Amino acid sequence: MAAPATLLKAVAKEAASCTLCPLYRNATQTVFGEGPVKAALMIVGEQPGDQEDLAGHPFVGPAGKILDRAMAEAGLDRQKVYLTNAVKHFKNEPRGKKRLHKKPNRYEVEVCRVWLRQEIEVVRPQLLLALGVTAAVALAGRSVVLSKERGKVIAFADGQPGMVTVHPSSILRMPEQEARHAAFAALVADLKAAVKAVAKQAAAA
Ligand code: SF4
């Protein structure tokens, strides 16, 4: 059996030519997950954004910068986390010179799970943290109400321990500064809870 790093590279290579759903047509490239192959924590977002699509790396755009700040405040080292998305191509709608983000539909999320599932199988993180409803539904395999379930460990599909929180892009869209600060603090609190949960799992192992 190949080493996990080799396996993950092979999956990423296969995903790069994926045409299983129509989203590859309007995107530059697949944006596969990145991070240590033995990461204890895997963070899963919705899909790459405009900048991620061009760069080919996850969480390098404005939402990624918020996540970086929140992780730093929570004492989480980005280099130790495996970061990926539920959907690997950027779904967008051209508007003039801009490409506007479009939410992936259930079919696209379901089809793209073939890659997320393989990332999880290879990395085998102790905890999965879903950012936003799309990732939460993809991981839990059921509907999820973030406000009710955030901050605590819940069982995802196949019994994997996971947590849910908001997607950092939702903070960017808030018009009021006060609301943005409160939402950012809540995201940091959820990340801290994820760090604690990972430490607890490691102690119990
Ligand atoms: S979004 Fe996912 S399933 Fe659809 S083409 Fe891209 S990699 Fe394949």
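See the structure above.
The residue numbering used here restarts from 1 in each chain and proceeds along that chain's sequence as written. Given that the model is predicted, a residue must reach a pLDDT of at least 70 before its local features are reported, and side-chain atom pairs must reach 80 or more before they are shown or counted; all residues, however, enter totals for whole chains, interfaces and linings.

Undergrad: Quick question: what am I supposed to make of the overall build of the chain here?
TA: A tally of regular secondary structure across the chain gives 8 helices and 7 strands. A compact globule built from 205 residues would reach a C-alpha radius of gyration of about 17 Å, and the chain, at 16 Å, matches this within 12%. The principal-axis extent of the C-alpha atoms belonging to the chain is close to 50 × 45 × 30 Å. Each of the 205 residues in the chain was classed as buried or not, and the buried ones make up 40%. By the convention adopted here, residues are in contact when the distance between their C-beta atoms, placed from the backbone, does not exceed 7 Å. Pairs at least 24 residues apart make up 72% of the contacts formed inside the chain by residues separated by at least 6 positions. Only DSSP runs of H or I with at least four residues qualify as helices, and only runs of E with at least two residues qualify as strands; both kinds are numbered from the N terminus onward. Each radius of gyration is computed over the set of C-alpha atoms, and the globule rule expresses the reference value as 2.2 Å times the number of residues to the power 0.38. Note on burial: count the other C-beta atoms lying within 10 Å of the residue's C-beta; 20 or more is buried, 12 or fewer is exposed, in between is partly exposed, and C-beta positions come from the backbone.

Undergrad: Just checking my understanding: could you explain helix α3 (residues 62-73) for this structure?
TA: For an α-helix, 3.6 residues make a turn, and residues three or four places apart therefore share a direction. Working rule for helices: expected span equals 1.5 Å times residues minus one. Here α3 contains 12 residues, and its C-alpha end-to-end distance of 17 Å stays within 8% of the 16 Å for a straight helix at 1.5 Å per residue. Those residues of α3 not exposed but buried are Ala63, Gly64, Ile66, Leu67, Ala70 and Met71. In a view along the axis of α3, the buried residues occupy a sector of 155 degrees, so they form one face of it. Positive phi shows up at Gly75, right after α3, with a value of about 80 degrees. This arc corresponds to the set of directions leading from the helix axis out to the C-beta atoms.

Undergrad: Looking at this structure, I do not really get the sheet that holds strand β6 (residues 154-155). What am I missing?
TA: Strand pairing in a sheet relies on backbone hydrogen bonds. The paired strands run either parallel or antiparallel. At least two bridges found by DSSP between two strands are what make those strands a pair. If you trace the 5 strands from one edge of the open sheet to the other, you get β2-β1-β5-β7-β6, paired in mixed fashion. Edge positions in the sheet fall to β2 (81-85) and β6, since each of these pairs with one other strand and no more. Sheet topology note: the β6/strand β7 (residues 161-165) ladder contains 2 bridges and is antiparallel. Its bridge partner being in β7, Ile154 is matched across the sheet by Gly162. Between N-to-C directions, angles span 0 to 180 degrees; the directions come from axes that are lines fitted to C-alpha atoms, helices contributing only their stretch in contact. The strands touched by helix α8 (residues 177-204) are β1 (41-45), β5 (127-131) and β7; relative to β7, the strand with the most contacts, the crossing angle is about 170 degrees.

Undergrad: Just checking my understanding: could you explain the environment of Pro104 for this structure?
TA: With respect to the helices and strands, the residue Pro104 is situated in the loop between β4 (98-101) and α4 (106-123). The sequence separation of Pro104 and Ala86 amounts to 18 residues, and the corresponding C-alpha distance is 9.5 Å. If near-sequence neighbours (up to four positions away) are discounted, Pro104 is found in contact with Glu46, Gln47, Val87, Lys91, Val109 and Thr134.

Undergrad: Whenever I open this one, the site of the ligand confuses me. Can you help?
TA: Taken together, 15 residues lie around the ligand, and Cys18, Cys21, Lys88, His89 and Cys112 are the ones closest in. Looking at the shell around the ligand residue by residue, the class counts come to 10 nonpolar, 3 polar and 2 charged. For each residue, a C-beta atom is positioned from the backbone; the residue is called near a molecule or strand if that atom sits within 6 Å of it. Residues are grouped as follows: Ala, Val, Leu, Ile, Met, Phe, Trp, Tyr, Cys and Pro are nonpolar; Asp, Glu, Lys and Arg are charged; every other residue, Gly included, is polar.

Undergrad: Got a minute to help me understand the pairing of β4 in this structure?
TA: As a general feature of sheets, a regular strand has side chains that alternate between the two faces. In the sheet, strand β3 (residues 92-95) pairs with β4 via 4 bridges, with the strands oriented antiparallel. Residue pairing across strands places Asn92 opposite His101, the latter belonging to β4. Turn length for the β3-β4 hairpin, with the two strands adjacent in sequence and antiparallel, is 2 residues, and the turn residue Gly96 shows positive phi of about 65 degrees.

Undergrad: Sorry if this is basic, but what is going on with the nonpolar core here?
TA: Where a protein is soluble and globular, its nonpolar side chains tend to be buried together. Each nonpolar core comprises buried Ala, Val, Leu, Ile, Met, Phe, Trp, Tyr and Cys residues, the members being joined through C-beta atoms within 7 Å. Counting residues in hydrophobic clusters, the biggest one holds 52 residues, and the most contacted among them are Leu41, Met42, Val44, Leu127, Leu129 and Ala130. Sorting elements by how many residues they give to this core places α4 first, with 7 residues. Not counting the four nearest positions on each side in its chain, Ala130 is found in contact with Val44, Ala135, Ala136, Leu139, Gly162 and Val164.

Undergrad: Where do I start with the pairing of β5 in this structure?
TA: With 5 of its 5 residues buried, β5 lies for the most part within the structure. Both faces of β5 are covered, namely the face carrying Leu127, Leu129 and Leu131 and the face carrying Leu128 and Ala130. Pairing of β1 with β5, which is carried by 4 bridges, proceeds in the parallel orientation. Paired with Leu41 across the two strands is Leu127, which belongs to β5.

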